[in-house]
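Now for the letters of each chain:
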2 protein chains.
Amino acid sequence: GCPGVLAVLGLEAAAPGECELTRLLQDKLQYEMRLQYMKHYFPIDYTVQVQYEEVLRPSNITRLRNGTVSEAALRYLWFHVSSQAVLRIHEVLPEKHPSWKYTQELYQLFDALGEEYSKYRQTDVETVVADVVKLIHSAGAESRSKAVRPKALLDNCLKVMRMLYGVPCELGTR
Amino acid sequence: GCPGVLAVLGLEAAAPGECELTRLLQDKLQYEMRLQYMKHYFPIDYTVQVQYEEVLRPSNITRLRNGTVSEAALRYLWFHVSSQAVLRIHEVLPEKHPSWKYTQELYQLFDALGEEYSKYRQTDVETVVADVVKLIHSAGAESRSKAVRPKALLDNCLKVMRMLYGVPCELGTR
């Protein structure tokens, strides 16, 4: 790595606990598993209803970075959006569905990551991100909902995770 | 059995091939399998779109019997409605879905039953039934569509099968 460049780019270091958990998430989100549990085990064209703000794509991160949102705040945003997305998928599955255990294990990893993020105080997080997170967790905002395939939600989750943790956590590109 | 009573009720005998196949269908449609493959392996509240005429309930059979439709014609109707229902479910499943093989095996049994039914000439079937069958197989009738849970389609399929084949094929009540 090259810490000098990272400092210039404003990439705050991720905590060791965060890196360990994102590596576990990366393993669980590998292509074969996403394909099997999120596509093959669902009806063709099946979608879940999520709020508009719950879809976080690489392009959103690029835009927010250009708006000089800190890396810590972006990771915080990704964490909230992704754990919510996993919950949405988990909620539509009966306990005996073959993807149920997979989504539960994913959610447990996010839960553990939440412990790490509880270290960030809300005041440390830029207003723009805090506002989006608040919106995600607010009820009654369902009017701006969107139908998204389960696999697409996890595809975005993984892609954005690689953008945000790839360098500081040395995630590799597998 | 008591053939005298059956004759009075107008229950034409089912062919031996029909009885064998309906016994195989009854085994495949047993509660545990319907529950696992049609409920546990689907998202909660998942429905398939079917045409209004593709839902055939015991009450429909009672009504048609009172209108003196022959038992052979009712079996013919049940066959068309049920094989179409199985096809609708099969079509929404990716090949690697854990319910895919189950619905394919069901469809193969209906396919074999179709061979038996090809013995009936269209003219033998009462107009009321032939019209419903034609409607089911016509395109562009999608406007009167209905959202039905996969398990509900197979529940109806089994219940009506027992009404129509229970006595002539001695299906038992398991």
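Labelled according to an unreviewed UniProt entry, chain A appears under the name IL34 protein, originating from Erithacus rubecula.

S.K.: How should I be thinking about the relation of the copies chain B and chain A in this particular structure?
M.R.: Two copies of one chain are present, and they are related through a rotation about an axis combined with an axial shift. Mapping chain B onto chain A leaves a residual RMSD of 0.0 Å; the transformation is a rotation of 180° accompanied by 0.0 Å of translation along its axis. Considering both components of the superposition, the chain copies are consistent with a two-fold axis. Using C-alpha coordinates, one finds that chain B approaches the rotation axis most closely at Phe-42 of chain B, a distance of 3.5 Å. Comparing interface residues between copies, 100% of those in chain B also sit at the interface in chain A, which points to an isologous, same-surface contact.

S.K.: Help me understand the interface of chain B and chain A in this model?
M.R.: How big an interface is tends to be stated in terms of accessible area lost as the parts join. Taken residue by residue, the interface counts 14 residues in chain B and 14 residues in chain A. One can count zero salt bridges joining chain B with chain A. Summed over the shared surface of chain B and chain A, the number is six residue pairs in polar contact (both at pLDDT 80 or more). A class-by-class count of the residues in the side of chain B that touches chain A yields nine nonpolar, two polar and three charged.

S.K.: Is there a simple way to think about the state of the cysteines in this case?
M.R.: Put plainly, two cysteines are in a disulfide when a covalent bond ties their sulfur atoms together. Residue and element names in this part refer to chain A. All chains considered together, the criterion is met by two disulfides over all chains. In this model, Cys-19 is linked to Cys-169 through a disulfide, with the two sulfur atoms separated by 2.0 Å. One disulfide, between Cys-19 and Cys-169, carries an S-S torsion of -75° and so falls in the left-handed class. In this pair, Cys-19 is assigned in helix 2 (residues 16–28) and Cys-169 in the segment after helix 8 (150–165), connecting sequence segments 150 residues apart. Judged by its relative accessible area of 7%, Cys-19 falls in the buried class. According to the relative accessible area criterion, Cys-169 is buried, its value standing at 2%. Cys-169 provides the cysteine sulfur closest to Cys-157, a residue in no disulfide bond, and the two sulfurs are 14 Å apart. By relative accessible area, Cys-157 is classed as buried at 4%.

S.K.: Can you walk me through the nonpolar core in this structure?
M.R.: Soluble globular proteins tend to pack their nonpolar side chains together in the buried interior. The biggest cluster of nonpolar side chains holds 92 residues, and the ones touching the most others in it are Trp-78 of chain A together with Trp-78 of chain B. Those residues in contact with Trp-78 of chain B, other than ones at most four positions away along the chain, are Leu-25, Leu-56, Phe-110, Leu-113, Cys-157, Val-160, Met-161, Leu-164 and Tyr-165 of chain B.

S.K.: I keep staring at the environment of Val-81 of chain A and nothing clicks. Help me out?
M.R.: Residue and element names in this part refer to chain A. With respect to the secondary-structure elements, Val-81 resides in helix 5 (residues 71–91). In this structure Val-81 comes out as buried when scored by relative accessible area, which is 3%. As a C-alpha pair, Val-81 and Arg-144 span 63 residues in sequence and 15 Å in three-dimensional space.

S.K.: Honestly, the packing of helix 5 (residues 71–91) of chain B against helix 6 (residues 100–117) of chain B in this entry has me stumped. Any pointers?
M.R.: Geometrically, a packed helix pair is captured by the angle between its two axes and the distance between the axes. Residue and element names in this part refer to chain B. Running from amino to carboxyl end, helix 5 crosses helix 6 at an angle of 155°, the nearest separation of the two axes being 9 Å. Taken together, helix 5 and helix 6 sit at an angle that is classed as roughly antiparallel. Along this stretch, helix 5 crosses helix 6, giving a crossing that reads as left-handed. Side by side, helix 5 and helix 6 meet where Arg-75, Tyr-76, Trp-78, Phe-79, Ser-82, Ser-83, Val-86, Leu-87, Ile-89 and His-90 of the first sit next to Trp-100, Thr-103, Gln-104, Leu-106, Tyr-107, Phe-110, Leu-113, Gly-114 and Tyr-117 of the second.

S.K.: Any chance you could explain the packing of helix 4 (residues 58–66) of chain A against helix 8 of chain A here in plain terms?
M.R.: Residue and element names in this part refer to chain A. The N-to-C vectors of helix 4 and helix 8 enclose an angle of 35°; their axes lie 9 Å apart at closest approach. Contacts from Pro-58, Ile-61, Thr-62 and Arg-65 of helix 4 reach helix 8 at Asn-156, Lys-159, Val-160, Met-163 and Leu-164. In terms of residue class, the contact of helix 4 with helix 8 is made up of five nonpolar, two polar and two charged.

S.K.: What is the right way to read the packing of aromatic side chains from this model?
M.R.: Aromatic rings in a pair are described by how distant their centres are and how their planes are angled relative to each other. Across all of its chains, the model carries 13 aromatic pairs over all chains by this definition. Between the aromatic rings of Trp-78 of chain A and Tyr-165 of chain A, the centroid separation amounts to 5.4 Å while the plane-to-plane angle is 65°, which identifies the pairing as edge-to-face. Of this pair, Trp-78 of chain A sits in helix 5 while Tyr-165 of chain A sits in helix 8, placing them 87 residues apart in sequence. You can call Trp-78 of chain A buried: its relative accessible area is 0%. With a centroid separation of 5.7 Å and an interplanar angle of 85°, the aromatic rings of Tyr-37 of chain B and Tyr-41 of chain B are classed as edge-to-face. Assessed through its relative accessible area of 14%, Tyr-41 of chain B is described here as buried. Taken together, the aromatic side chains of Phe-42 and Tyr-46 of chain A together with Phe-42 and Tyr-46 of chain B make up a single cluster linked through ring pairs. Above the face of the Tyr-165 of chain A ring, Arg-75 of chain A is positioned so that its terminal group lies 5.6 Å from the ring centre.

S.K.: Sorry, what's going on with the pattern of salt bridges here?
M.R.: Think of it this way: side chains of opposite charge can pair up when their charged atoms draw near. Residues and elements named next belong to chain A. Summed over the entire model, instances satisfying the criterion amount to 16 salt bridges over all chains. Taking the shortest distance from any N to any O, the salt bridge between Arg-34 and Asp-155 comes out at 2.5 Å. One end of the pair, Arg-34, is in helix 3 (residues 31–40); the other, Asp-155, is in helix 8, with 121 residues separating them in the sequence. The exposure class assigned to Asp-155 is buried, which follows from its relative accessible area of 15%. Where Arg-88 meets Glu-54, a salt bridge forms, and the shortest distance between an N and an O atom there is 2.9 Å. Residue Arg-88 is found in helix 5, and its partner Glu-54 is found in the loop between strand 1 (48–51) and helix 4; the two are separated by 34 residues along the sequence. You'll find Arg-88 and Glu-54 in the same group, each marked buried.

Scoring rules and cut-offs
Position labels on residues start from 1 in each chain and follow its written sequence. Going through the entries in the order they are written, you letter the chains from A and number the ligands from 1. Local features in a predicted model are, by the rule used here, given only for residues with pLDDT of at least 70; side-chain atom pairs are given and counted only at 80 or more, and totals for whole chains, interfaces and linings are based on all residues. Remark: hydrogens and water are excluded; side-chain values derive from all non-hydrogen atoms of the structure. Least-squares fitting of one copy onto the other uses the C-alpha atoms of those residues that reach a pLDDT of at least 70 in both copies. Any two residues having at least one pair of non-hydrogen atoms within 4.5 Å are treated as being in contact. The working definition used for a salt bridge is a side-chain nitrogen of Lys or Arg within 4 Å of a carboxyl oxygen of Asp or Glu. Polar contacts, as counted here, are pairs of nitrogen or oxygen atoms within 3.5 Å of one another; within protein the pair requires one atom able to donate a hydrogen and one able to accept it, and residues that are adjacent in sequence qualify only if both atoms are side-chain atoms. Ten residue types, Ala, Val, Leu, Ile, Met, Phe, Trp, Tyr, Cys and Pro, are classed as nonpolar, four, Asp, Glu, Lys and Arg, as charged, and the remainder, Gly among them, as polar. By disulfide we mean two sulfur atoms from cysteines, separated by a distance within 2.5 Å. Labels follow the DSSP assignment, with helices taken as runs of H or I lasting at least four residues and strands as runs of E lasting at least two, numbered in each case from the N terminus. Only protein chains enter the accessibility calculation, which uses a 1.4 Å probe. A residue is then buried if its area is under 20% of the maximum for its type, exposed if over 50%, and partly exposed in between. Joining through side-chain atoms within 4.5 Å is the link that ties buried Ala, Val, Leu, Ile, Met, Phe, Trp, Tyr and Cys residues into a set, and such a set is a nonpolar core. A fitted line through C-alpha atoms serves as each axis, taken over the contacting stretch for helices, and the angle formed by two N-to-C directions is quoted from 0 to 180°. Small angles under 35 degrees read as roughly parallel and large ones over 145 as roughly antiparallel, with 65 to 115 read as roughly perpendicular and the rest as oblique. Crossings are classed by handedness, with left-handed meaning an anticlockwise turn of the near helix from the far one by less than a right angle and right-handed meaning a clockwise turn. Note on ring pairs: Phe, Tyr and Trp rings are taken, using the six-membered ring of Trp, and paired if centres are within 6.5 Å. Classes follow the plane angle, with under 30 degrees stacked, over 60 edge-to-face and the rest tilted. Sitting over a ring, as applied to charges here, requires NZ of Lys or CZ of Arg to be within 6 Å of the ring centre and within 35 degrees of the ring normal.

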